[in-house]
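Each chain, letter by letter, is given below.
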Amino acid sequence: MRLTIRRRSGRRAALLAVGAMTAGLLLTAPQQATAGPPNLLSNPGFETAGPAGADMPSCWSKSGWGDNDFTFATVAQAHTGTKAMKVSLTRRVDGDRKALVTENSTCAPTVTPGRQYDLSAWYKSDTPDVSVTVFRRDTTAGWQYWTDLQNPPVSAAWARTEVRTPAVPPNTDKIAWGLSVYGVGTLTTDDYALEEVGAVPPQPVCSGTAEECAKGKWEVIPAKNPVRSMHAVVLKNGKVLLIAGSGNDIAQFNAGTFTSAVYNPANGSFKTIPTPVDMFCAGHVQLSDGRVLVMSGNKGYPSADGKIGYRGLKDSYVFDPATEAYTKTNDMNGGHWYPSATVLGNGDVISFGGLKEDSTGNVTAEKFSAAQNKWLPMNEVNQTWSYWGLYPSMILMQDGRLFYSGSHTFGNGTQGTGASIYDYGANTVTDVPGLRNKDQRDESASVLLPPAQDQRVLTIGGGNNETNPAANRITDVIDLKKPSPGYTAGPDLPQGLVDTGTGKRPQTGAEGKMYVSAVLLPDGKVLETGGGLHDRADPVFEASFFDPTTNTYQPGLATDPIPRTYHSASFLMPDGRVMSVGDNPGNGTYNHNVSIYTPPYLFKGARPQITSVIDTQWVYGDTQRITVNRPVAKAELIRPAAVTHSSDPNQRFVDLPMTVNGNNIDLNVTSNPNLAPPGWYMLFAVDANGVPSLATWVHLGGPSALAVAQEQPSAHEHSFADKLGPAKQNPAKRDSVPVAPGVAGCDRHYGTVNVCVPTRFPAEVKETAGARCDWLASHQYPKRLKVNGSDPLRLDPDGDGYAC
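Not measured: the values here are computed from a predicted model.

S.K.: Any chance you could explain the overall build of the protein chain here in plain terms?
M.R.: Of regular secondary structure, the protein chain possesses six helices and 58 strands. Taken against the 2.2 N^0.38 rule, which gives 28 Å for 804 residues, the C-alpha radius of gyration of the protein chain at 27 Å falls within 12% of a compact globule. Per-residue burial over the protein chain gives 62% buried out of 804 residues. In the protein chain, the share of contacts with a sequence separation of at least 24, taken over all contacts with a separation of at least 6, comes to 65%. In the structure as shown, the protein chain presents an accessible area of about 27600 Å², 52% of it carried by carbon and sulfur atoms. Charge centroids of the protein chain, computed over 70 positive and 75 negative side chains, lie 1 Å from each other.

Spelled out as structure tokens, the structure:
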């Protein structure tokens, strides 16, 4: 059964803390609702009757969906004038009902893309299941659901609710809106208003060079990463946990030397942390209390003859940012080298895939109970016996299902379309169409685009370490709100310079990159950076912004001077900059340089400031007040990074609709934990030029994230992935699936285990010993690689036991 969460008004703790000041702001003296500027609505108070025979006032329509019993009535108990609108639900299975501004050219107000609008209404309600729902007309696609902005609290007396829209998207010419009721109860409304926000954004200034203001700036910091980190986690205190384990170095593994480090941005220092097991290629996720759950890791490297592959640990630990130490949990049910890790709306963690202790593919789902602080026994976890591969990207959807985006690490995608929706409650897997080149999305990146409320996922680039083609430029986008969602083609990834071992040259044709990083930024764009043209080789020096509002890339940004391919990571810091670490090419080396990217928005003059936050402990459905030093256009929560191998399925940007009263801003917090799973978040306020404040850390949680809520009204949804094709038949119960020992794309017949001679050389390399040896030399592989047994790549023509 799919998890559903009730939208609730919340305790509104922050507003209670300001008492009378809040009441004065929310319950202002009534204004007569009239048509015409500044109120852009016609018949905002229902006073004008509809045409003869109509059962609704002029410019208003009955609207809603789902299985419910309802009534609409025009009543005399008005806030002002003689009429108000009363909507009641007496039975509800799903859906909502609302009086909606009529969606036609006469009644729906005209709006300007890029501008914001304040929506307000007076209401009385006896149910918390009320939301401010907005639709927009796309000049090409027509009318469509846009967003839900606010959940007004229960009020027996007339109360006023007001909320500001996000910037109107491109190609939008009109909007319509109303107050929806989606639980059993009654809602009465009157005196609606829609007013354009009058403030014109200030002209941006440039505080750096012209190039910095257009492209941003990279710098390599003096301190070097002391560990060969493969994993990066931004902690709730702003520090960064970098996990290496053995660091893909078999000498360290054999010596039992396992390492982690904590980076402190405040002083640029690194602190090495004792690490109990080899967390090389583990999974990790932030728990609701800010501790980091680290699962599995490396039990053993492949054998020298390549007959045994990597082996996964059962071990699991939590890292506490306060003590900067690891503590063991109970074991998982099996090993999971390269597991997924997705936090759910109730704070539990679900994990799939990876390799077992015997190098076979793990087909069991694992679930960590937040309430019990332990991994559950297998018989308490729903099982489809599906093999999802290595680091499958599993993104939490707004109704509690999981979207497998098709991004993974190593080899080919899953059978079928390469992307699917997994319903834990129903225990079903249903493919979704449209992902192009599904078997060349190895080491692609997938990200839930800003804002999370839009439920759109972008998948970028990728390749295939088995066939080793040139990485592709493909990007695909899927809208999970659609009844039958499917990927559609996005714009091609911009191209940059690639170093194929003989110096940098421009990319050509279809050349793209794998091992790419995708980072959500506070201005709502996605930074893509780093990556390589081939498996563990040929770094690409290119960076761009993807803009979700226009579905376009801004190419030509400044590029990281350090190559960032395999075992690299880039992630957002609380100051709005991006940090990049790592690079572990096939020759076995590791780059310890650390780069910091300052985006162009930090060269646009002074930053807005969050001067006060009344409460940093937030509850779902709350209204939380902040004070800013000057006008801002939006505010959001960004979940801190927990990234490895181009994968961070928990990364998300959650919009906080605003009610603006001068420099006091009331932020409307989602009541759906599936949109923002419980935990610590970075709160940013962003001005109209995209300049963000420094982040303030807030904790989001509360009873609605922890309670069993199947019987409660669901989060407000319109047609939402509810017309999928038939689910796939689950495999029969099984222990594992066979996985080739060479799944990592490395031929173990040459050199040491941490040196990755490709099983398949790039297509342009001739299949001769000389050409292959030249390629290895140009990529700085160690000379005289020892041949372990046979010589399948014919790299030892003289038979002396050493390649090249």
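S.K.: Got a minute to help me understand the nonpolar core in this structure?
M.R.: A general tendency of soluble globular proteins is for nonpolar side chains to be buried together. Ranked by internal contacts, the top residues of the largest apolar core, which has 53 residues, are L527, F571 and M579. When residues of this core are assigned to their parent elements, the largest contribution, four residues, is made by strand β54 (residues 679-686). Residues V432, V632, L656 and L675 belong to the second largest nonpolar core, which totals 37 residues.

S.K.: Could you clarify how one ought to interpret the sheet that holds strand β47 (residues 617-619) in this entry?
M.R.: Strand pairing in a sheet relies on backbone hydrogen bonds. The paired strands run either parallel or antiparallel. Read from one edge of the open sheet, five strands run β47-β55-β54-β49-β51, paired in mixed fashion. Because the sheet does not close on itself, it has two edges, and the strands there are β47 and β51 (653-655). Strand-to-strand, the axes of this sheet are offset by a mean angle of 35°, without reference to chain direction. By the bridge criterion, five bridges tie β54 to strand β55 (residues 696-701) in an arrangement that is antiparallel. Paired with L683 across the strands is T696, a residue of β55.

S.K.: Which parts of the structure should I look at to understand the side chain of K98?
M.R.: As for its position among the elements, K98 is in strand β4 (residues 96-101). Given a relative accessible area of 1%, K98 falls into the buried group. Within the structure, the side chain of K98 is placed 2.8 Å from the side chain of D96, a separation counted as a polar contact.

S.K.: When you look at the environment of E542 in this model, what are you seeing that I'm missing?
M.R.: With respect to the helices and strands, E542 occurs in the loop between β40 (537-541) and β41 (543-547). The spatial distance from the C-alpha of E542 to the C-alpha of Y781 is 25 Å, given a sequence separation of 239 residues.

S.K.: How should the packing of aromatic side chains be read in this particular structure?
M.R.: To describe a pair of aromatic rings, you give the distance between the ring centres and the angle between the ring planes. Taken as a whole and assessed by the stated rule, the structure comprises 31 aromatic pairs. Judged by centre distance (6.1 Å) and plane angle (70°), the ring pair of F280 and Y310 falls under edge-to-face. Highlighted residues: F280 in the loop between β15 (269-274) and β16 (283-286) and Y310 in the loop between β18 (298-300) and β19 (311-312), separated in sequence by 30 residues. Taken individually, F280 and Y310 each receive the classification buried, so the pair is uniform in this respect. Through successive ring pairs, a cluster of aromatic residues spans F253, F258, F280, Y301, Y310, W337, Y338, Y391, F410, Y515 and Y566. Stacked on the ring of F541, the Lys or Arg K504 has its end atom at 4.0 Å from the ring centre.

S.K.: What am I meant to see in the pairing of β41 here?
M.R.: It is a general feature of regular strands that their side chains alternate between the two faces of the sheet. For β41, a buried count of five out of five residues is recorded, marking the element as mostly surrounded by other parts of the structure. Pairing geometry for β41 and strand β42 (residues 552-554), over three bridges, is antiparallel. Looking across to β42, one finds that F546 is bridged to Y553. Here β41 folds back onto β42 in antiparallel fashion, the turn holding four residues, of which N551 has a positive phi close to 55°.

S.K.: Would you mind showing me how to read the side chain of E212 here?
M.R.: The topology assignment puts E212 in helix α3 (residues 210-215). Taking the relative accessible area as the measure of exposure, E212 reaches 16% and is therefore buried. Setting aside residues no more than four positions away along its own chain, E212 makes contact with K217, P600 and F603.

S.K.: What is the right way to read the state of the cysteines from this model?
M.R.: One covalent bond between the sulfur atoms of two cysteine residues makes up a disulfide. Under the criterion given, the structure shown has four disulfides. There is a disulfide in this structure between C59 and C107, and the S-S distance comes to 2.1 Å. Between C59 and C107, the S-S torsion sits near -70°, and that sign places the bridge as left-handed. Here C59, found in the loop between α2 (20-26) and β1 (60-65), pairs with C107, found in the loop between β4 and β5 (117-125); they are 48 residues apart in sequence, far enough to count as distant. C773 shares a disulfide with C804; S-S distance 2.1 Å. Between C773 and C804, the S-S dihedral sits near -90°, and the bridge is therefore left-handed. Remark: C804 occurs in the segment after β58 (802-803) and C773 occurs in helix α6 (residues 769-778); sequence separation between them is 31 residues. Given a relative accessible area of 15%, C773 falls into the buried group.

S.K.: Explanation requested: the sheet that holds strand β32 (residues 456-460) in the structure shown.
M.R.: Strands sit in the order β31-β32-β33-β34 across an open sheet of four strands; the sheet is antiparallel. Each end of this open sheet is capped by a strand with a single partner; those strands are β31 (445-448) and β34 (487-489). Between one strand and the next, the sheet's axes are offset by a mean angle of 25°, whatever the strand orientation.

S.K.: Looking at this model, I keep getting lost on the environment of G588. Mind explaining?
M.R.: Examined against the element boundaries, G588 turns out to sit in the loop between β44 (578-581) and β45 (595-598). With 43 residues separating them in the primary sequence, G588 and P631 have C-alpha atoms 51 Å apart. Setting aside its immediate chain neighbours within four residues, G588 contacts R228 and N754.

S.K.: What's the story with unusual backbone geometry in this structure? I'm lost.
M.R.: Most peptide bonds are trans, and most residues other than glycine sit at a negative phi. P450 connects to P451 through a cis peptide bond whose omega is -15°. Even without glycine at this site, A721 takes up a positive phi of about 45°. Under the relative-accessibility criterion, A721 is labelled buried at 1%. Despite not being glycine, R794 has its phi angle at roughly 55°, a positive value. Relative to the helices and strands, R794 resides in the loop between β57 (785-786) and β58.

S.K.: Before we go on, may I ask you to explain the pattern of salt bridges in this structure?
M.R.: Working definition: two side chains of opposite charge can pair if their charged atoms are close together. The tally for this structure, following the rule as stated, stands at 32 salt bridges. When the shortest N-O distance is used, the salt bridge between R577 and E219 registers 3.9 Å. Residue R577 is located in the loop between β43 (569-572) and β44, and its partner E219 is located in strand β11 (residues 217-220); the two are separated by 358 residues in the primary sequence. Note on R577: relative accessible area 27%, which makes it partly exposed. Ionic pairing is found between D439 and K438, a salt bridge with its closest N-O pair at 3.0 Å. In this structure, a network of salt bridges that share partners links the residues D67, D69 and R91.

Rules and cut-offs
- Numbering of residues starts from 1 in each chain and follows the order in which that chain's sequence is written.
- Given that the model is predicted, a residue must reach a pLDDT of at least 70 before its local features are reported, and side-chain atom pairs must reach 80 or more before they are shown or counted; all residues, however, enter totals for whole chains, interfaces and linings.
- The side-chain quantities take in all heavy atoms of the structure and omit both hydrogens and water.
- Segments assigned H or I by DSSP are reported as helices when at least four residues long, segments assigned E as strands when at least two residues long, and all are numbered from the N terminus.
- For the radius of gyration, the atoms used are the C-alpha atoms, and the globule rule reads 2.2 Å times the number of residues raised to 0.38.
- Think of it in three bands: with a 1.4 Å probe and only protein chains considered, a residue is buried below 20% of the maximum accessible area for its type, exposed above 50%, and partly exposed in between.
- Any two residues having at least one pair of non-hydrogen atoms within 4.5 Å are treated as being in contact.
- Accessible areas in this description were obtained via Shrake-Rupley with a 1.4 Å probe; residue shielding takes into account the shown protein chains only.
- Here Asp and Glu are counted as negative and Lys and Arg as positive; His is not counted, and neither are the chain ends.
- In this description, the location of a charge corresponds to atom NZ of lysine, CZ of arginine, CG of aspartate or CD of glutamate.
- Side-chain atoms within 4.5 Å are what join buried Ala, Val, Leu, Ile, Met, Phe, Trp, Tyr and Cys residues into a set we call a nonpolar core.
- Only when DSSP finds a minimum of two bridges between them are two strands counted as paired.
- Helix axes are fitted only over the stretch in contact, all axes being lines through C-alpha atoms; the angle between N-to-C directions runs from 0 to 180 degrees.
- In protein, a polar contact means a hydrogen-donor-capable atom and an acceptor-capable atom, both N or O and within 3.5 Å, with residues adjacent in sequence counting only if both atoms are side-chain atoms; elsewhere, any N or O pair within 3.5 Å suffices.
- We call Phe, Tyr and Trp rings a pair once their centres come within 6.5 Å, taking the six-membered ring for Trp, and we label the pair stacked below 30 degrees between planes, edge-to-face above 60, and tilted otherwise.
- Here, a charge over a ring means that NZ of Lys or CZ of Arg falls within 6 Å of the ring centre while also lying within 35 degrees of the ring normal.
- For the purposes of this analysis, a disulfide is any pair of cysteine sulfur atoms at a distance within 2.5 Å.
- Here, a salt bridge means any side-chain nitrogen of Lys or Arg that lies within 4 Å of a carboxyl oxygen of Asp or Glu.

The analysis is restricted to geometry; functional conclusions fall outside its scope.
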